[in-house]
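# Chains, contacts and geometry: an overview
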Amino acid sequence: MSNTAESTVVVKGASSSRGALHRLIKQIPLPLIPLFIFLTVFFFLPIGKVALNAFEDNDGAYTLANIRLLFQDPYRLAFRNSISLGLISALVGSVFGLVIAIAIEKRGGVKLKKFIASISGVLANTGGVPLAFMFLAAFGPEGLMITFLKSFGIDLYEWGFTLFSFSGLVIVYSYFQIPIMIIVFSPAVSSLRREWQESAENLGASRFAYWQRVGVPILLPSFLASFLLLFASAFSAYATARAMTVGNITLVPLVIGSLLDGNVTINQANLGYALALGMIVISILAMVPYLYIQSRTSKWQQ
Amino acid sequence: MKKILENASKKLPSTIILLVTAFFIFLPLIGATEFSLRDGGPDKHSFQSYKWIFEQSGFKENLGITFQVTSLAVILNLLIMVPTVTWLHISGQKYRRLVEVVTILPLIIPVVALATGAQTALPSFLHNTVLELSFMYVVIAMPYSYRALDIGLSGKPLNTYVAAARNLGASWYKVLVSVIMPSIWPSVLAALFLTVALSLGEFTLAQLLHWTTFPTWVANVSQENILGATALSVGSLFFAWLLLFSFTFFGTNKIDRSKDEE
Amino acid sequence: MTNTSLLVKGLGRQFGNVLALDNFALEVPKGELISLLGPSGCGKTTALRIIAGLEKSDAGEVHLNQKNITNVSAHLRNMGMVFQAYSLFPHLNVAENVAFGLKMRKVSKSDRAKRVNEILELVGLDHHHKRFAHQLSGGQQQRVALARALVIEPEVLLLDEPLSALDAQVRTNLREEIRRLQIELGTTTLFVTHDQEEAMAISDRVGVMNKGRLEQIDTPDTLYNKPANDFVASFVGTMNHIPAQLENGTVELFGKKFPTQKSGNESGKVIALIRPESIQTTFHESSANAVVLTRSFLGANSRLICRTDDGTIVHSLMNNEASHSLHPGERVKLEILSREVMVTNV
């Protein structure tokens, strides 16, 4: 009697887990199937592969060795550099972008705004080799920018300036980071209703008090969200980094790149996956709050 | 007179900021253009470097490869996204949230990480052709193309149009051709352009999956000839800019105008 | 006058080629509710915003309690303002919104709480302290805006079309509440609207504006019955425009002669302005023959649109007893009940 009961429970358990997946799949309406299949094959599976293989060693057994390796140099340094690059580039981009976005809003004009939106869209998509070479050409030892500044008596190279440095990278990244900021943050700035400023003034707030109690608190969430987006953008950038560095700065995307190029040692077969997993985790930590804040603030940015 | 000065001074700081910004945007570009036009030194200029580009052996071939990859990416993208989003809008709000969330996921994952997984996770029959990139490009473009289609369709009461057309006696075929297609056409164009722009310049996936496309070819060739490389970069920059700019500036005009006519 | 709260004189404002305000002057006695009424673009909102300090005038002065505040910044004028919509701060809840002005005035926390509670109870929102703007209906939002403006005990309360964005029923209820509060608190109030029914219903006096000028400012009664000119006459309430011939200062309409406001030696073609309620059906001989075109049931009354035999379209407002048997197509006789008729030149 008890046997049958147990076996019934066991059988039920197995079928219910299969059944749950079955039910989940059944819930997806027919027209959405192509989309989900596509995403599964070309997105979820690769991501799953990364997550799984990160914990496997060369023989396929479960191991944390790859993950532990991440916390040792040179990989720890790579993560440190990438995160710093992300933070600093995000800071530069968000601050300059903020100032420009406010200037755009103040200057007004529908035509101007449309023009700026178009240009920002274009600049935000600029990167990789073209961008790198544009800067190298302009700021290289014989570039126009250098000669231009030299005519003012400013010799950047004398100051030890080089584009192939961390700060050079930040400067080049700004070329697309600032437009991204403008694109993402402008809606927040234009959502500041004139009525709020006038009400505040009417109720006794000076300009400073308005910004302190109304303007800044309202803009802060969007600013934070934009910062996070810029961080993720700089952190994950590959093409531009590869074009700009000559192997002197270790960044996580570059390390993964060289591993995938076949520069592996025997025990590092799955290290690339571990690094990629690390990138995914950090990116998620930045992007999920970004998406969350965006969805909340869009409610009052009607 | 005083009024004019007063108004101007209010906008002055903003104008200055914008002018300075424009200066810093265009100066590198001008500098690079100048550099690319040099012929032997900073004093002589010609289109020599640009001629060099076209003479390179890989130019036509790799441009063709990128063209193929882009075309397939566009076709796949539209084939999957347009019916899906149209159906979502016609059938009601129920699944929109789900699809919204799912299509934004590619944005959260760095392309480098995706490439790492794609190396071994993709079906093997695809691995043998550069066209496997097209499929990945569709995934990367998905957040943007979904949004473009979704926003475009949200502005139109598609359900009402369909109901009105049916009420006036149109068959389903007629409804599709005369009502749905014209309504979604601007958004389809938008999604198309986004995919094209993305595919033309995509470097990371191509490089990490060891394929040669136009962008990766440019990167390789750049190491030999700096002037030529710069010309190549400037040229592709201008081209990409022209493409994107003309679409966003003139393409959206079309969309806006149709809104006004409504 | 020592009981004048707000005094505006010689106000002028130009936007490019448009003259928004043309030598505008206004005196608002303490505790009165005065409406500025007029069509879009008449300058009423511009005047209000200049009084609030949100805009500068090209000419003229604004005085508050005998002090010249023309150059005083908006945030120092101690006036409360309610906008048409969207004025509540989205990041603060109802209580914090209402307390904002008190916070600016450095009122202590406990006093703030007390006064916020009092005013919210006064506007009927005493259980909504923690709600946010997007959780409130349009009417509730405006009541919070009202509370926020009143809690600071302003010298003048300024309302810029506060009801225009609301549903009809809410509008009627809220305007009564505004009037009730204004009387209870004794706040000097300036109310801007384009809805003449609204202005007439709640104001001590109404100022009718057109193209930047104040055409007439009087009690609602006077405005309605003794309009100063054609614009005021036509803007306030409905008005019949009947072509007539002026002869030596009188007109003949519907078989009767009526004196006009014109002097005895004037003649010519004119338009007679007659209120619908002054035209009624009759059995008298001195009347006009007409055919009923439509009858609209308005609840307490009915409006009849008729066409007289010489082709003039005439509106008549009748009570239901007198009109309930009249149907479209019926022939009636109409007479004008006024003693004197106002005319304007063609």
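Since the structure is predicted, the reported quantities are computational estimates derived from the model, not experimental observations.

## Examining the overall build of chain A
Of regular secondary structure, chain A possesses 13 helices and zero strands. Element order for chain A, N to C, with α for helix and β for strand: α-α-α-α-α-α-α-α-α-α-α-α-α. Scored against the burial criterion, the 302 residues of chain A give a buried share of 42%. The contacts in chain A between residues at least 6 apart in sequence include a share of 77% that link residues at least 24 apart.

## Observations regarding the confidence of the model for chain A
Mean pLDDT over chain A works out to 83, with 85% of the residues at or above the 70 mark. pLDDT under 50 marks residues 1-15 of chain A. Its contacts with residues more than four places away, or in other chains, come to zero contacts.

## Some points on the sheet that holds strand S5 (residues 67-68) of chain C
Through backbone hydrogen bonds, the strands of a sheet pair up, either in parallel or in antiparallel fashion. Residues and elements named next belong to chain C. The strand order across the open sheet formed by four strands is S2-S1-S4-S5, and the pairing between neighbours is antiparallel. Each edge of the sheet is formed by a strand with only one pairing partner; in this case those strands are strand S2 (18-29) and S5. Most of the contacts of helix H1 (residues 44-52) go to strand S1 (residues 4-15), to which it runs at about 120 degrees, and overall it touches S1, S2 and strand S4 (59-64).

## A word on the confidence of the model for chain C
Residue and element names in this part refer to chain C. With 99% of its residues at a pLDDT of 70 or more, chain C shows a mean pLDDT of 91. Per-element mean pLDDT across chain C ranges from 82 in helix H9 (residues 320-323) up to 96 in strand S3 (residues 33-37). Across the predicted assembly, pTM comes out at 0.82 and ipTM at 0.82.

## With respect to the interface of chain A and chain B
The figure often quoted for interface size is the accessible area lost as the parts come together. Taken together, the 59 residues of chain A in the interface contact 65 residues of chain B. Residue assignment for the side of chain A that touches chain B shows that the elements contributing at least two residues are helix H2 (33-53), helix H4 (75-107), helix H5 (110-124), helix H6 (128-139), helix H7 (144-150), helix H11 (239-244), helix H12 (252-260) and helix H13 (271-300) of chain A. Its residues assigned to classes, the side of chain A that touches chain B comprises 44 nonpolar, ten polar and five charged.

## A word on the interface of chain C and chain A
Facing the 18 residues of chain C at the interface are 17 residues of chain A. Where the side of chain C that touches chain A is concerned, the elements lending two or more residues are strand S6 (79-82) and helix H2 (94-104) of chain C. Classifying every residue of the side of chain C that touches chain A by side-chain character gives twelve nonpolar, five polar and one charged.

## Considerations on the sheet that holds strand S16 (residues 288-297) of chain C
Residue and element names in this part refer to chain C. One open sheet holds the five strands; their spatial order is S15-S19-S16-S17-S18, and the pairing between them is antiparallel. One side of each edge strand has no neighbouring strand; the edge strands of this open sheet are strand S15 (279-281) and strand S18 (313-319). Averaged over all pairs of adjacent strands, the angle between their axes in this sheet comes to 45 degrees, without regard to strand direction. Bridge analysis of strand S17 (residues 301-308) against S18 gives seven bridges, and the strand direction is antiparallel. Its bridge partner being in S18, Arg 307 is matched across the sheet by Ile 313.

Parameters at a glance
- Residues numbered from 1 in each chain as written.
- Chains lettered and ligands numbered in written order.
- Predicted model: local features only at pLDDT ≥ 70, side-chain atom pairs only at ≥ 80, totals over all residues.
- Helix = DSSP H or I, 4+ residues; strand = E, 2+ residues; numbered from the N terminus.
- Buried ≥ 20, exposed ≤ 12 C-beta atoms within 10 Å, placed from the backbone.
- Contact = placed C-beta atoms within 7 Å.
- pLDDT = per-residue confidence, 0-100.
- Pairing = 2+ DSSP bridges.
- Axes fitted to C-alpha atoms, helices over the stretch in contact; angles between N-to-C directions.
- Nonpolar A, V, L, I, M, F, W, Y, C, P; charged D, E, K, R; others polar.

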